[in-house]
Amino acid sequence: MKKGDSSADSWSFSVVIETKTELWKKLVLVPCKHCLEHRNMPEDFWGGYGIVLDAGSSHTNLYVYEWPAEKENDTGVVQQVEVCKVEGPGISGYSQTTEKAGPSLVQCLRQAEGVIPLKQHQETPVYLGATAGMRLLRLENKDAAEKVLSSVEKTLRSAPFNFQGARIISGQEEGAYGWITINYLLGNFKQSGWKKFLHSLKSVSETSGALDLGGASTQITFVPDEISSESPQNLLYFRLYGKDYRVYTHSFLCYGKDQALQQKLARDLQSTENSSLFDPCFHQGYQRTISVSNFFKNPCTSVEKKQFPFSQLHIEGEGNYEKCRRNIQNLFNKTDCPYSSCSFNGIYLPPLQGDFGAFSAFYFVMNFLNLTSDDPFTLDEVASAIKKFCARPWHEVKLQYHQIKEKYLSEYCFSGAYILSLLENGYEFTTENWKRIHFLGKIGSSDAGWTLGYMLNLTNMIPAEEPPAPPLSYGSYVGLMVLCSLVLVSVILLAWLLFHKPKCLQKGVV
Ligand SMILES: Nc1ncnc2c1ncn2[C@@H]1O[C@H](COP(=O)(O)OP(=O)(O)O)[C@@H](O)[C@H]1O
Ligand SMILES: [Ca+2]
């Protein structure tokens, strides 16, 4: 397989999805000794930069990561040094003008050229991973999706970096890499000292779950207490630093916050004969008009398609949080569950376990609503803060936050209510375990998201087995020598005292 062939999903990736037994679908991090050769990367790869473009449904972000020259024996050494937000829509937004998708990335690639030293450009790997917006476009128009990918590949190949592929990642990968990122950054994979000792007593290491909310999909990933083989497609197996992890993951396409709103509006439309609609999830006084014909082209709403005697729908806000929550609740089908327990829509969910890091739009929305403090708010406090915000008239909100994009601002009420519905009704977080959700934007200098985990894996930076202990540092070596010398001197002194007792002691003279 040729280098950078984006049509192949597993050619040089150290993550391969394979079915090892009937019961387990395994996502194995292979100790990929030859991967660097396959990827035409230099052997002395350590000490350098890597670029990942996160081609999301709403926009593309380019991340530059840097790691030190010494292959350190600790986690958390790879850090984000730059992020660049690509102007314009996400790449799936170029379905009508596919040749413009690639050129939209040029400005951020130039910015990366400025950050990475010139002599390292050629060896710097660049990856592009597209998420749910492109998964939807592939469902709607496969040809357009392929053309968009070809356009971005062309641009990335023309940049001075080492192109490593542009592809649509699966929802399962998106969940898995998000989980890897946050646990890597939190230092949960490799423990030292007492923490390592404590963890070695347990069969499974303590890791944090990952909750990712995008515009078109949302992911939940965590290590459950007991693992059942009821739904093998939701189970992944990792071996990292010599430890086994059995991870549950699920990605809900169409349940990112933008597509959830589209789904909600499509349902509301079913019950209206009129070309205008009152919406409890928008502020009182807010108005929006949507084109009905375009609305049902989207795979997330196409099932609701029917003929309407009008082409434009006029929406007017009501600002009623409780009504909005009831409205959103209809998106989660809780009736049929073919497993011992489910989240919604008949999808298996084992009992929730441990702490969760909630990032991307979970963070953006909760941060806007001032609900992300270190001293976590209770579920009731969060609900009443969102209720209060939704009840504010639009003209007042707009005046106070005039610097915020109207698209975001007008939807924070819906988004806040949706986040609570998803977590409380969808995943069934309770007042008790709500405290275990931590809304995270960054960990250290790195954004929480799937991109770092993706790069760590593809560059083989997380080994399956624990590397041998490193040689002692100079300081520790000197310290150890001094300690040994002291012990030796004490032993000699003690022996001398025992066998050559001073004469005064032998005669009992005081
Ligand atoms: N500052 C912000 N305030 C509110 N929402 C934001 C902000 N920045 C980004 N978002 C939203 O976060 C989501 C990011 O999703 P994205 O990664 O583009 O999609 P996906 O992961 O589903 O492919 C989008 O809904 C986007 O509108
Ligand atoms: Ca995303």
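Note that the structure is predicted; figures quoted are calculated from it, not measured.

### Some words on the overall build of the protein chain
Here is step 1: Counting its secondary structure elements, the protein chain contains 17 helices and 18 strands.
Here is step 2: In the protein chain, which comprises 510 residues, the share counted as buried stands at 40%.
Here is step 3: In the protein chain, of all internal contacts separated by at least 6 residues, the share reaching a separation of at least 24 is 77%.

### Focus: helix H5 (residues 171–185)
Here is step 1: The terminal C-alpha atoms of H5 lie 21 Å apart, and with 15 residues this matches the ideal 21 Å at 1.5 Å per residue to within 8%.
Here is step 2: Across the 15 residues that make up H5, a large majority, 14, are buried.
Here is step 3: Once H5 ends, the next one or two residues include Gly 187, with phi positive near 75°.

### Observations concerning the UniProt feature "active site" (unreviewed entry) in the protein chain
Here is step 1: When the UniProt feature table is mapped to this numbering, "active site" (unreviewed entry) covers Glu 174.
Here is step 2: The topology assignment puts Glu 174 in helix H5.

### Considering the pairing of strand E14 (residues 312–317)
Here is step 1: Two elements, strand E12 (residues 276–279) and E14, share four bridges in a ladder whose sense is parallel. Residue pairing in the sheet places Leu 277 in a bridge with Ile 315 of E14.
Here is step 2: Across five bridges, strand E13 (residues 287–291) lies against E14 in antiparallel orientation. Counted as the bridge partner of Ile 290 is Leu 313 from E14.

### Structural notes on the packing of helix H11 (residues 379–390) against helix H13 (residues 406–426)
Here is step 1: For the pair H11 and H13, interaxial distance at closest approach is 9 Å and the crossing angle is 155°. On the basis of their axis angle, the class for H11 and H13 is roughly antiparallel. In terms of crossing hand, the pair formed by H11 and H13 is left-handed. Where H11 approaches H13, its residues Val 382, Ala 383, Ile 386, Phe 389 and Cys 390 are matched on the opposing element by Tyr 412, Cys 413, Gly 416, Ala 417 and Leu 420.
Here is step 2: Class assignment of the residues belonging to the contact of H11 with H13 gives a composition of nine nonpolar, one polar and no charged.

### Overview of the sheet that holds strand E9 (residues 217–222)
Here is step 1: Taking strand neighbours across the sheet as the criterion, the six strands line up as E10-E11-E9-E8-E15-E16 in an open arrangement whose pairing is mixed. Among the strands making up the open sheet, the edge pair consists of strand E10 (235–240) and strand E16 (437–439). On average, each strand axis in the sheet is inclined to that of its neighbour by 25°, with strand direction left out of account.
Here is step 2: In the sheet, strand E15 (residues 356–360) pairs with E16 via three bridges, with the strands oriented parallel. What sits directly across from Gly 357, in E16, is His 438.
Here is step 3: Across the sheet, H5 touches strand E8 (209–213), E9, E10, strand E11 (243–253) and E15, and the angle it forms with E11 is around 130°.

### Examining the nonpolar core
Here is step 1: Grouped together as the largest cluster of nonpolar side chains are 111 residues, with contacts concentrated most on Val 152, Ala 358, Phe 362, Ala 417 and Ile 419.
Here is step 2: Here this core takes nine residues from H13, the largest share from any one element.
Here is step 3: The contacts of Ala 358, once residues within four sequence positions are left out, are Leu 211, Tyr 363, Ile 437, His 438, Phe 439 and Leu 440.

### Points about the UniProt feature "binding site: ATP" (unreviewed entry) in the protein chain
Here is step 1: In this structure's numbering, the residues bearing the UniProt feature "binding site: ATP" (unreviewed entry) are Gly 215, Ala 216, Ser 217, Thr 218 and Gln 219.
Here is step 2: Its place among the elements puts Ala 216 in the loop between E8 and E9.
Here is step 3: Given 28 C-beta atoms within a 10 Å radius, Ala 216 is considered buried.
Here is step 4: Setting aside residues no more than four positions away along its own chain, Ala 216 makes contact with Ser 57, Ala 132, Gly 133, Leu 136, Leu 253, Cys 254, Gly 256, Asp 258 and Gln 259.
Here is step 5: When sequence neighbours within four positions are dropped, the list of residues in contact with Gln 219 reads Gly 171, Glu 174, Gly 175, Gly 178, Asp 212, Thr 249 and Ser 251.

### Comments concerning the confidence of the model for the protein chain
Here is step 1: Considering every residue of the protein chain, the mean pLDDT works out to 86; 83% of them sit at 70 or more.
Here is step 2: Scored below 50 in pLDDT, residues 1–44 makes 75 contacts in the model with residues more than four places away or belonging to other chains.

### Section: the pairing of E11
Here is step 1: As paired elements, E9 and E11 share six bridges and run antiparallel to each other. Bridging from a neighbouring strand, Phe 222 pairs with Tyr 248 of E11.
Here is step 2: Two elements, E10 and E11, share six bridges in a ladder whose sense is antiparallel. Residue pairing for E11: Leu 236 is matched across the bridge by Val 247.

### Some remarks on the site of ligand 1
Here is step 1: Contacts to ligand 1 come from 21 residues, most closely from Gly 56, Ser 58, Thr 131, Gly 214 and Gly 215.
Here is step 2: Secondary structure elements with two or more residues in the shell around ligand 1: helix H3 (132–140), helix H7 (257–270) and helix H10 (361–368).
Here is step 3: Take the shell around ligand 1: its biggest share by element is four residues, from H10.
Here is step 4: Looking at the shell around ligand 1 residue by residue, the class counts come to seven nonpolar, twelve polar and two charged.

### Here's the deal with the sheet that holds strand E5 (residues 79–85)
Here is step 1: Pairing is mixed across the open sheet formed by five strands, whose spatial order is E5-E4-E3-E6-E7. Either end of the sheet is taken by a strand with one partner, and the two such strands are E5 and strand E7 (162–168). Adjacent strand axes in the sheet meet at a mean angle of 15°, parallel and antiparallel pairs treated alike.
Here is step 2: Across five bridges, the pairing between strand E3 (residues 48–55) and strand E6 (residues 125–130) is parallel. Residue pairing across strands places Asp 54 opposite Gly 129, the latter belonging to E6.
Here is step 3: Sheet strands touched by helix H2 (residues 106–115): E3, strand E4 (60–67) and E5. Its angle to E5, the strand with the most contacts, is close to 150°.

### Comments concerning unusual backbone geometry
Here is step 1: Of note, Cys 254 is a non-glycine position whose phi angle comes to about 80°, a positive value.
Here is step 2: Secondary-structure assignment places Cys 254 in the loop between E11 and H7.
Here is step 3: Residue classification places Cys 254 among the buried residues on the basis of 21 C-beta atoms within 10 Å.
Here is step 4: Backbone geometry at Asn 370 places phi at a positive 55°, although glycine is not the residue there.
Here is step 5: Residue placement: Asn 370 occurs in the loop between H10 and H11.
Here is step 6: Given 10 C-beta atoms within 10 Å, Asn 370 falls into the exposed group.

### Examining H2
Here is step 1: Buried within H2 are the following residues: Cys 108, Leu 109 and Ala 112. Around the axis of H2, the buried residues are gathered within 105° of arc, so they sit on the same side. Turned more than 90 degrees from where H2 packs its buried face, Arg 110 and Gly 114 sit exposed.
Here is step 2: Packed against the buried residues of H2 are E3, E4 and E5.

So, how was this worked out
- Residues numbered from 1 in each chain as written.
- Chains lettered and ligands numbered in written order.
- Predicted model: local features only at pLDDT ≥ 70, side-chain atom pairs only at ≥ 80, totals over all residues.
- Helix = DSSP H or I, 4+ residues; strand = E, 2+ residues; numbered from the N terminus.
- Buried ≥ 20, exposed ≤ 12 C-beta atoms within 10 Å, placed from the backbone.
- Contact = placed C-beta atoms within 7 Å.
- Expected span 1.5 Å × (residues − 1).
- UniProt positions renumbered as here; feature names shortened; annotations may be inferred.
- Pairing = 2+ DSSP bridges.
- Axes fitted to C-alpha atoms, helices over the stretch in contact; angles between N-to-C directions.
- Parallel < 35°, antiparallel > 145°, perpendicular 65-115°, else oblique.
- Left-handed = near helix turned anticlockwise from the far one by under 90°.
- Nonpolar A, V, L, I, M, F, W, Y, C, P; charged D, E, K, R; others polar.
- Core = buried A, V, L, I, M, F, W, Y, C linked by C-beta atoms within 7 Å.
- pLDDT = per-residue confidence, 0-100.
- Near = placed C-beta within 6 Å.
- Arc of directions from axis to C-beta.

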